[in-house]
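For reference, the chains in residue letters:
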Amino acid sequence: MAGPKERDPFRFDSSSYSLRNKISSYGKNKKDNNHIVKLSMAFPPVGSLSFPPPQRQGFYNVKDFGAKGDGVADDTAAIQAALDAVPTGGGKVFFPVGTYLVKNLSLPNVAGITLEGETGHVSIPGGAGSELKALDSSVAYLLASLNYVNSTGYSGNPATIRHLRFDGDDKSTDCVILQSWNTTVDDCSIFGATQDGLTFTTIQASGAQISNNMVNCVVRGNELHNNGRYGFRTRSTSTKITDLDFESNLVFDNGGDGAHCDDSANYHVFGNHFYANEGWQFWCNPGEQALRFVSNLFNGDDSSATITEWNGSVTRKTAVYIQDINSDESIIFANNVVQAGVVQATAGGGTSAGRILSVGNNFMGASADAHFVIGLGSTARLYSTGDSFQDAAPYRGTAASGAVVYASNCVTSATPGISVPIDGQLVQVGSTIPLKSHHQVVTFGANDATPSVAGGYLFKTNNGSSTTVTALDDGHAGQVVRIIVNDANTTIDFTGTTLKGNQGSNWAAGNGDHMTCVFDGTNWYCDVSDDTA
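Residues numbered from 1 in each chain as written. Predicted model: local features only at pLDDT ≥ 70, side-chain atom pairs only at ≥ 80, totals over all residues. Heavy atoms only, no water.

Some words on the state of the cysteines
Working definition: the covalent bond between the sulfur atoms of two cysteines is a disulfide. Heads up, the rule is: The disulfide definition used here is simple: a pair of cysteine sulfur atoms within 2.5 Å. Residue exposure (1.4 Å probe, protein chains only): buried if accessible area is under 20% of the type maximum, exposed if over 50%, otherwise partly exposed.
A full pass over the atoms with the stated rule returns one disulfide. The disulfide partner of Cys517 is Cys526, and the gap between their sulfur atoms is 2.4 Å. Given an S-S torsion of about 110 degrees, the disulfide between Cys517 and Cys526 has right-handed geometry. With respect to burial, Cys517 and Cys526 carry one shared label: buried. Here Cys284 is not cross-linked by a disulfide; its sulfur's nearest cysteine counterpart is in Cys261, at 6.7 Å.

Some points on the sheet that holds strand β45 (residues 458–460)
The strands making up a sheet associate through hydrogen bonds between their backbones, and the pairing can be parallel or antiparallel. To be explicit about the condition: Any two strands are treated as partners once DSSP identifies two or more bridges connecting them. Numbering of helices and strands runs from the N terminus; a helix is a DSSP stretch of H or I covering at least four residues, while a strand is a stretch of E covering at least two.
Pairing is mixed in the open sheet, where six strands are placed in the order β44-β45-β47-β51-β52-β49. Each having just a single partner strand, β44 (441–443) and β49 (499–500) make up the two edges of the open sheet.

A few points about helix α1 (residues 76–84)
As a reminder, the rule being used: Note on contacts: a residue pair is in contact if any heavy atoms of the two residues lie within 4.5 Å.
Residues of α1 that are buried include every one of Thr76, Ala78, Ile79, Gln80, Ala82 and Leu83, and no others. Buried positions along α1 lie against β3 (59–61), β4 (70–74), β5 (91–95), β6 (98–102), β7 (105–107) and β8 (113–117).

Observations regarding the pattern of salt bridges
Applicable threshold: Take a side-chain nitrogen of Lys or Arg and a carboxyl oxygen of Asp or Glu: if they are within 4 Å of each other, that pair is a salt bridge.
One pass over the full model with this rule turns up eight salt bridges. A salt bridge links Asp169 to Lys171; its shortest N-O distance comes to 3.2 Å. By relative accessible area, Asp169 is classed as partly exposed at 27%. For Asp196, the salt bridge is made with Arg233, and the minimal N-O distance between the two is 3.7 Å. Of this pair, Asp196 sits in the loop between β15 (189–191) and β16 (198–201) while Arg233 is found in strand β20 (residues 232–235), placing the two residues 37 residues apart along the sequence.

So, the packing of aromatic side chains
Rules: Pairing of aromatic rings covers Phe, Tyr and Trp, the last counted by its six-membered ring, and requires centre-to-centre distances within 6.5 Å; plane angles under 30 degrees mean stacked, over 60 mean edge-to-face, and any other angle means tilted.
Per the counting criterion, the structure on display carries 18 aromatic pairs. Ring plane angle 5 degrees and centroid distance 5.0 Å describe the contact between Phe363 and Phe389, whose orientation is recorded as stacked. Here the residue Phe363 occupies a position in strand β35 (residues 362–364), and Phe389 occupies one in strand β38 (residues 388–390), the gap between them amounting to 26 residues. Each member of the pair, Phe363 as well as Phe389, is classed as buried. Centroid distance Phe444 to Phe459: 5.2 Å. Interplanar angle 15 degrees. Geometry classified as stacked. You can see Phe444 sitting in the loop between β44 and β45 and its partner Phe459 sitting in strand β45, a full 15 residues away along the chain. Here Phe444 matches Phe459 in class, with each residue buried.

Description of the sheet that holds strand β50 (residues 507–508)
Overall, mixed pairing links the three strands, which are arranged β46-β48-β50 in an open sheet. At either margin of the open sheet sits one strand with a lone partner, and together these are β46 (467–469) and β50. Sheet analysis places β46 next to strand β48 (residues 490–492), joined by three bridges and oriented parallel. If you follow Thr468 over to β48, its bridge partner there is Thr491.

Considering the pairing of strand β52 (residues 524–529)
Summarising the sheet, β49 and β52 pair through two bridges and their orientation is parallel. Paired with Leu499 across the bridge in β52 is Trp524. Bridge analysis of strand β51 (residues 514–519) against β52 gives six bridges, and the strand direction is antiparallel. Looking across to β52, one finds that His514 is bridged to Ser529.

All we've got here are geometric facts, nothing functional implied.
Pasting the structure below:
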């Protein structure tokens, strides 16, 4: 006869909350081997069991701290708790998809802290994404560095912010204010502030300047738009923010400048698109050393908004303003497209003293009378090579004695469809800076005894009556000119003037003769060619 049916060693009886245990005792009758152990245990019903999700070390999900992300609840305290939970060694604060209403969050001074949202949704208006939004109209900022808030006196530790949307909702004064070095803002959309979208600052909330520099910050792949004043700002004095990389950003529809950078040194502005900003697309005051603009697209403001230049004139369509270029500074402007705007390079008083290198840019559609508006000090140099100027003259401005504009292998098209090469021109002096080509013949004024040779190489006379030329005005040291005599009424005075040649004798030139002259800063040394003798 078969023995009793074998049971599992452990079986949970949900009706009695009893634990039945089969205890085997070998060598005895099986009937005696089955004993029942009944335990009263306070097990809750299975459906009510709840366990906290596993928390990876260094990973802090804001919803684990009570954040709702429903666009209704005030999530400030929960998110601040998550931020404050990050230890000294750093960690990631993660924002799942949702809209988090917040007010005046403080970014802890913790090295290696990262704030990160869901990827792939940042630039979708109204789409699913990780968004921090202003709680109400009393919000000063959505997020700011703790060192800034507390006016600590020095820059904070490195931080990273990525894949987040910051929406000021026309309530928050600013969106994000950072006072930390080696900090990266990547793939974020920052908009809706009544003043500034993203600010890097060395000026504390108290108004005092910090003691050290903020270096090696990166702003990359962001959308900075629809803010009341500036989309991006660096706020500093005494050149405290240096070596900043501003790369591959879209900056548009801001109420003032797209980017406004105080005392900027060694900035690299690369591959950005600036458009429809009501002020300058990019305004900067280079504090020292170098500033590089490479492969950007600047679309000037085509509205009725106006900008007053340093000399009081008004520019309607705007692009880039580079102010206060000192003698130890250099500006590189290369491979950019400037559409419907001008580039202005001056100092506050209208004279710059540094070096500007303009290479391979395409300037088009300026509503002003020139693409490059410049005010050059006595030691300033503007080197333009491989640039293309369409729809307006290349340069306008003032140049002190000693300043030089050099243009090589450029093309200008003051009339659409007509291209005039600009090659090897050395230009100096005058209230305006005309740019003339080796291939462009400039006619002197009729019966002009002291004709101007500013900015040119090839000239011809135009004298309807007897005229003795006693000087060539507006030359600069090293300039070479070639003059074609286009009449039978011209005499060159080589006796007792700054014109030296023809063995010191006056030259009565015939129609078709020409001469070539070199200026040493004091005298013109001329070779005459008497082709009609």
